[in-house]
Amino acid sequence: MPAYTPTIDRTLLLEGPAHIIIDKPALQANWKYCWCNGNVTVHLIHKPKPMPVSGFGDIDDPRMDEYIEVDFTPAGNFSSAMLAFLFGGVFALKPGQSIFSGTDTPLYVHTLDGQLLTLTNARVTQFPTLRFGTGNTRFEGAVKITGIIGKGLARTTAGSLFTAPSAVTFSAVPAAADWVHLPCLATWGLAAPLTIMTDDKGWTLKAAHQIAPRYNPDVGTYDFRLESASVEASCRPVNISDAGLIAATIIGASRALGQSSISADLTLAEDNPGCTAILKAARLVSKPMVYGEKEPRAGELTWRAYPVAGSLGSVAMTA
């Protein structure tokens, strides 16, 4: 047997970043990108059916389901299209509703070396934290996109789940003007609206939804439905005293059991062309007082949105 003499052709090594296309009109110059920071990871998930036999273990792995997950971290550009893409299903969906619209929503992963992967029907299923404050990044944390088969398509239909990468030249360039950082006016609309100034961390807005797949043994996963929704905003105020945290205007008129908490819209509004978030019927669910050196008296306060006319609020470009 001859000696093993391995070789590698360096021109065959594939490396390089990718970005997400959230809107792809016919004219390539108008494609809208969600610019990413770090890796974009695409998982083609196969779920095998167990076939155990005593004394032999699993003897086969027939596929019982297949879908796609894409993980990435947004770099921070935003626009109306970006906010609709990232948070379009956060505020208005009701439990039991599909997170997918009646029309398939394709998504695209575009590599800088010119390969375009198409997901036939995809939605955000893990939301990033939205940050407010001129010194903060716009988004924090990872985003997960889940891709499923197109509406009414058979698994055997070409492109029902995705279309394999094809050569499409990458020509777009990020525009610094899309990274907007403006001061945020925060008000909680009580009888006398409370204006809230924060410490250096500013405001964070988080959405934590629970979704569940809809699965058919002959089709696989064909939908995801909302089970529960939660939207919260947090900050560390520097202009609320310890007396203020227990005042009737914050805790309610009395401390009797059974008393509902004070609720009012919480508005986080940047100047145009920034971002405005509104949490409907927001209630304080965490209001610690901190006694320490170099510490604001208020700890991290958290407001939670409650539905009004079926909506928890909104996130949009400032009018």
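Residues numbered from 1 in each chain as written. Predicted model: local features only at pLDDT ≥ 70, side-chain atom pairs only at ≥ 80, totals over all residues. Heavy atoms only, no water.

> Help me understand helix α1 (residues 80-87), please; the structure alone is not making it clear to me.
Residue pairs three or four apart in sequence face the same way in an α-helix, which turns once every 3.6 residues. Taken as a whole, α1 has its buried residues at M82, L83, F85, L86 and F87. For α1, the angular spread of the buried residues around the axis is 165°, confining them to a single face. (Buried < 20%, exposed > 50% of the residue type's maximum accessible area, 1.4 Å probe, protein only. Helix = DSSP H or I, 4+ residues; strand = E, 2+ residues; numbered from the N terminus. Arc of directions from axis to C-beta.)

> Help me understand the sheet that holds strand β8 (residues 115-119) in this model?
Pairing between the strands of a sheet comes from backbone hydrogen bonds, and it takes one of two forms, parallel or antiparallel. The strand order across the open sheet formed by five strands is β2-β1-β7-β8-β13, and the pairing between neighbours is antiparallel. The open sheet has two free edges, formed respectively by β2 (32-34) and β13 (162-167), since each of these has just one partner strand. Strand-to-strand, the axes of this sheet are offset by a mean angle of 30°, without reference to chain direction. Examined bridge by bridge, strand β7 (residues 107-111) and β8 share four bridges and lie antiparallel to one another. Residue pairing across strands places Y108 opposite T118, the latter belonging to β8. Most of the contacts of α1 go to β2, to which it runs at about 50°, and overall it touches β1 (18-23), β2 and β7. (Pairing = 2+ DSSP bridges. Axes fitted to C-alpha atoms, helices over the stretch in contact; angles between N-to-C directions. Contact = heavy atoms within 4.5 Å.)

> Just to check I follow, could you spell out the state of the cysteines for this structure?
Each disulfide is one covalent bond, formed between the sulfur atoms of two cysteines. Under the defined criterion, the tally for this structure stands at zero disulfides. The closest cysteine sulfur to the non-disulfide-bonded C34 is located on C36, 4.9 Å from its own sulfur. (Disulfide = S-S within 2.5 Å.)

> Is there a simple way to explain the packing of aromatic side chains in this structure?
Centre distance and the angle of the planes are the two values used to describe a pair of aromatic rings. All chains considered together, the criterion is met by six aromatic pairs. Between Y33 and F170, the aromatic rings sit 5.3 Å apart at their centres with planes inclined by 50°, giving tilted as the arrangement. Separated by 137 residues along the polypeptide, Y33 in strand β2 and F170 in the loop between β13 and β14 (184-188) bring together distant segments of the chain. Both residues of the pair, Y33 and F170, count as buried. Here the aromatic rings of W203 and W303 are separated by 5.3 Å at their centres, their planes lie at 45°, and the arrangement is tilted. Of the two residues, W203 is situated in strand β16 (residues 203-207) and W303 in strand β22 (residues 301-304); the sequence distance between them amounts to 100 residues. Taken together through their ring pairs, the aromatic side chains of Y33, W35 and F170 make up a single cluster. If you follow K24 out to its NZ or CZ, it ends over the ring of Y108, 5.1 Å from the centre. Lying across the ring of Y306, R283 places its NZ or CZ 4.6 Å from the centre. (Phe/Tyr/Trp six-rings, centres within 6.5 Å; stacked < 30°, edge-to-face > 60°. Lys NZ or Arg CZ within 6 Å of the ring centre and 35° of its normal.)

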